[in-house]
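Chain and residue survey
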Amino acid sequence: ARHDGDPPALYISIMKLFTAFVAVAAGLTSINGFAPNVAFKTRHFASATSLSSTAVDMKSSLATAANEARGLAMDSIAAAKSGHMGLPLGAAEVGAVLYGDQMQYNPSDPQWINRDRFILSAGHGSMFVYSWLNLAGFDLPMDEVKNFRQHHSMTPGHPEFPNSEHNTPGIECTTGPLGQGIANAAGFAASEKMAAARFNTADHKIFDHHVFALCGDGCIQEGVSHEAACFAAHEKLDNLIVLYDSNDVTLDKMADYTQSEDVGARYEAVGWDVVTIDGHDIDAVTKAVADAKASKNGKPTMIICRTVIGKGIPDIEGTNAAHGEAGVKFVDASKAGLGLPEDDKWFVSDGTRSFFNDVQAKNKAIYDDWQKTYTAWKGSNPDLATQLENGLAKKQPSADEMFAAIPPMAAPAEATRVSGAKIINNIAELVPTYISGSADLHGSTRNYIEGGGNFGAGGADKTYAGRNLYYGIREHAMGSIMNGFSYHGIFTPSGSTFLVFADYLRATIRVAALAELGVSYVFTHDSIGVGEDGPTHQPVETVSGLRVIPNLDVIRPGDAEETVGAYVASVDRTDGPTALIFSRQNMDQMDGVDVDTRRQGVLKGGYVAKKETGALDTIVMASGSEMQHVMKAFADSPTVRVVSMPCMERFDRQSDEYKESVLPSSVPSSGRFAMEAGVSAPWYKYTLGGKVVGVDRFGFSAPGDIVMKELGMTAENIKAVVGK
């Protein structure tokens, strides 16, 4: 955002004039980071100070590396004829300071648990992080940098967390949807605080790292970043440092066309430390980051880096044209101004390689010292070490072992959210790194871990070791913070809200599915059965809407034992997220079906709950609260099979033989029916065009049983439709 007193037009003009006269080696000309000495009239402006000759050498090396990183980005984007020039060029000095001086990491062990984390929230600028990973020595070969945005490359258009499609060492999370990276970073920071509280001891500190996020105006404008900023400040996450690439430009227009707020003042108001610097001044960036790392005042830090977007390509820098690939045609002509050889693509000097070899050696020494500390800690704390290492490896009891440890529910007629309140505590006992949370609805969603304590910065009953997170009314941030916990790698997060509010965090669910994160969502009040609250709170379309997200398991259990199966399935799955869909209203238990059949049936997604006793001619499928109706309606129908289908995605992954055993192809569409208190569309792939009793309209305000009856969710109605 632009600040009062800033002279961006003058700054850009001076910048261009200055660059035009610079045509010598970057190591000699970049002592001021290729930025003129413009005196910004901004709050908390941090300026460079005089340095020793050693510091000048460091600064010169960082400045050279910054320009060579610019060159890598320019060449890769030009080769791809696609990508975003603006941020990799505009924030190059930020990258140089982070990777060349201020962050602790070990490229030879990119999963080191006490490494600093870097999240590129402005994921469209992905060549920024790819360039720096290559320079810093990560296993990202130059051929992959050259292969930017190509099929099967390690350098996709937006950074992607290592998964079955990509494995790019050094990428900490999947980013691209703006704002989510800031919220992910809050999750990383919260996870680090939790890890430190649970695993550090008086004698050994094994967690003390920082979390860095680089964002732009787009991230700041997205509401999720503000939700997460409030959470981070309230919980005093002073290990979180956000660097804001503030360049007065968004994609369509200059930033002042759509924003006029003072971003720094807003972040200060919610409890952040804020410092504004010249983002091209290496001294200023170094000091700001070092000060933020040293701060232990309970405040996260925002460093507003005033930069020129697309810096180094005079024809586009400082304009919204720099946001994309408009600068490609000017790449070669611009290299001389950066001290780069025009005819040598993807140039990295021997000096820069040597410099980063020294950086690696420095970080390796830190890493080796930490390994000694870890070995001593592990010897003194074997139980804690087992818990930590199991959490990292996602080593936990098998599904069968969890089933054996959870006794039969023997529940009366009750809502599945009530059943879940008991089962989540069984899960928490079996998996010590399982954590829960809620967007201000623990009392309704019933997903509280008893005796687990509450997470936070202190007060009457909060500590960083607590297993229950209170997110406030911030569903979008909750989803992103949960993803941050999962990316961080130790804890298995779950979080809850009413199902109708799932769309508030839908973008984060999609990313969790894409990144293959083992996150669980507890969505309660699942249908028109919500009743009196009316159609604003009756989610008729939401379950169906979640089912279309690839790699998301959506489980809607039909009684307490199926709810056991649902919780176990969600924890047992480590290659994607699971949405648990629970009812507000009571439902009958399927006591006539064996306990193990119900539990194991959920793992398979669908199973035969009531087998025909005569010649099979009809199959009736249902999920959730409608299972009680179909079981009642066809209890005495000898030719009718009742199939419980709590999770379509799991069922679809079963073998053809198993699916045929549940839904025999010999039964035609005329004999196939389904029932669910929601939009009917997903069921037709199983009924093959047969009738579906669903709710393809919004509900209305009335007691839940009346709404259900009026909209056909009764045993009598399904029996009449089937005619058996």
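Residues numbered from 1 in each chain as written. Predicted model: local features only at pLDDT ≥ 70, side-chain atom pairs only at ≥ 80, totals over all residues. Heavy atoms only, no water.

1. Remarks on the sheet that holds strand β17 (residues 640-644)
Sheets are built from strands paired through backbone hydrogen bonds, the pairs being either parallel or antiparallel. Going by this rule: By definition, two strands form a pair when at least two bridges between them are found by DSSP. To qualify as a helix, a DSSP run of H or I must reach at least 4 residues; to qualify as a strand, a run of E must reach at least 2; elements of each kind are numbered from the N terminus. Pairs of residues are marked as contacts when any of their non-hydrogen atoms sit within 4.5 Å. Axis definition: a line fit to C-alpha positions, over the contact stretch in the case of helices; interaxial angles, taken between N-to-C directions, run 0 to 180 degrees.
The mixed open sheet is built from five strands, whose spatial order is β15-β17-β16-β18-β19. Strands with a single pairing partner mark the edges of an open sheet, and in this sheet they are β15 (607-610) and β19 (692-693). Here strand β18 (residues 672-675) runs beside β19; their pairing, made up of two bridges, is parallel. From the neighbouring strand, A674 faces β19, where its bridge partner is V692. Contacts between helix α29 (residues 715-722) and the sheet are confined to β16 (618-622), β18 and β19, with β18 contributing the most and set at about 160° to the helix.

2. Describing the confidence of the model for the protein
Regions with low pLDDT should not have their predicted coordinates read in detail. Just so we agree on the cut-off: Within a predicted model, pLDDT stands for the predictor's per-residue confidence, ranging from 0 to 100.
Residue-level pLDDT values for the protein average 92, and 93% of them are 70 or greater. Between residues 1-50, whose pLDDT stays under 50, and residues either more than four places distant or in other chains, the model counts 107 contacts.

3. Observations concerning a negative patch on the surface
For the record, the criterion: Each patch is built from salt-bridge-free residues with over 30% relative accessible area, joining like charges within 9 Å and nonpolar side chains (Val, Leu, Ile, Met, Phe, Trp, Tyr) within 5 Å. Where accessible areas are quoted, they stem from the Shrake-Rupley method and a 1.4 Å probe; at the residue level, only the protein chains shown are allowed to cover. The term salt bridge refers to a side-chain nitrogen of Lys or Arg lying within 4 Å of a carboxyl oxygen of Asp or Glu. His is not counted here, nor are the chain ends, while Lys and Arg score as positive and Asp and Glu score as negative. In plain terms, the charge of a residue is placed at NZ if it is Lys, CZ if Arg, CG if Asp and CD if Glu.
On the surface, a cluster of negative charge is made up of D400, E401, D594 and D596. With respect to the helices, strands and loops of the structure, D400 is situated in helix α16 (residues 399-405).

4. Let's talk about the environment of L237
To be explicit about the condition: When a residue's accessible area, from a 1.4 Å probe over protein chains only, is under 20% of the maximum for its type it is buried; when over 50% it is exposed; and in between it is partly exposed.
By the element assignment, L237 lies in the loop between α10 (223-234) and β4 (240-246). Residue classification places L237 among the buried residues on the basis of a relative accessible area of 0%. Sequence separation between L237 and K296 is 59 residues, and the spatial gap between their C-alpha atoms is 9.4 Å. When sequence neighbours within four positions are dropped, the list of residues in contact with L237 reads A186, A189, A190, K193, F231, A232, G298, K299, P300 and Y464.

5. Remarks on the pairing of β16
Most of β16 is tucked away, with five of its five residues classed as buried. Side chains T618, V620 and A622 of β16 all project onto a buried face; the interleaved residues I619 and M621 project onto the opposite face, where all are buried too. The sheet contact formed by β16 and β17 spans five bridges and is parallel. Opposite A622, over in β17, you have S644 as the bridge partner.

6. Examining the pairing of β4
The side chains of a regular strand alternate, first on one face of the sheet and then on the other. With seven of seven residues buried, β4 lies mostly within the body of the structure. The side-chain alternation of β4 yields two buried faces, one formed by L240, V242, Y244 and S246 and the other by I241, L243 and D245. The pairing of strand β3 (residues 211-215) with β4 spans five bridges and is parallel. Looking at the pairing, V211 lines up with L240 of β4. The pairing of β4 with strand β6 (residues 301-306) spans six bridges and is classified as parallel. Each residue of the ladder has a partner; that of S246, found in β6, is R306.

7. Things to note about the pattern of salt bridges
Enumeration over the complete set of coordinates arrives at 31 salt bridges. Where K287 meets D291, a salt bridge forms, and the shortest distance between an N and an O atom there is 2.8 Å. Of this pair, K287 and D291 both sit in helix α12 (residues 282-294), four residues apart, which is roughly one turn of that helix. With a closest N to O distance of 3.4 Å, E612 and K611 form a salt bridge.

8. A look at unusual backbone geometry
Of note, R149 is a non-glycine position whose phi angle comes to about 65°, a positive value. As for its placement among the helices and strands, R149 is situated in the loop between α7 (142-146) and α8 (180-199). Not every positive phi belongs to a glycine, and L688 is a case in point at roughly 60°. Here L688 is to be found in the loop between α27 (684-687) and β19.

9. Comments concerning the packing of aromatic side chains
Under the convention used in this document: Here a Phe, Tyr or Trp ring, Trp counted by its six-membered ring, pairs with any other such ring whose centre lies within 6.5 Å, and the pair is stacked when the planes are under 30 degrees apart, edge-to-face when over 60, and tilted otherwise.
A complete count under the given rule lists 25 aromatic pairs for this structure. Taking the centre distance of 5.8 Å and the plane angle of 65° together, the rings of Y99 and F118 count as edge-to-face. Here the residue Y99 occupies a position in helix α5 (residues 92-102), and F118 occupies one in strand β2 (residues 117-120), the gap between them amounting to 19 residues. Accessibility classification places Y99 together with F118 in one group, the buried group. Judged by centre distance (5.5 Å) and plane angle (25°), the rings of Y105 and F138 are stacked. Note that Y105 is positioned in the loop between α5 and β2 and F138 in the loop between α6 (126-136) and α7, a separation of 33 residues in sequence. Residue F138 is classed as buried on the basis of its relative accessible area, which comes to 10%.

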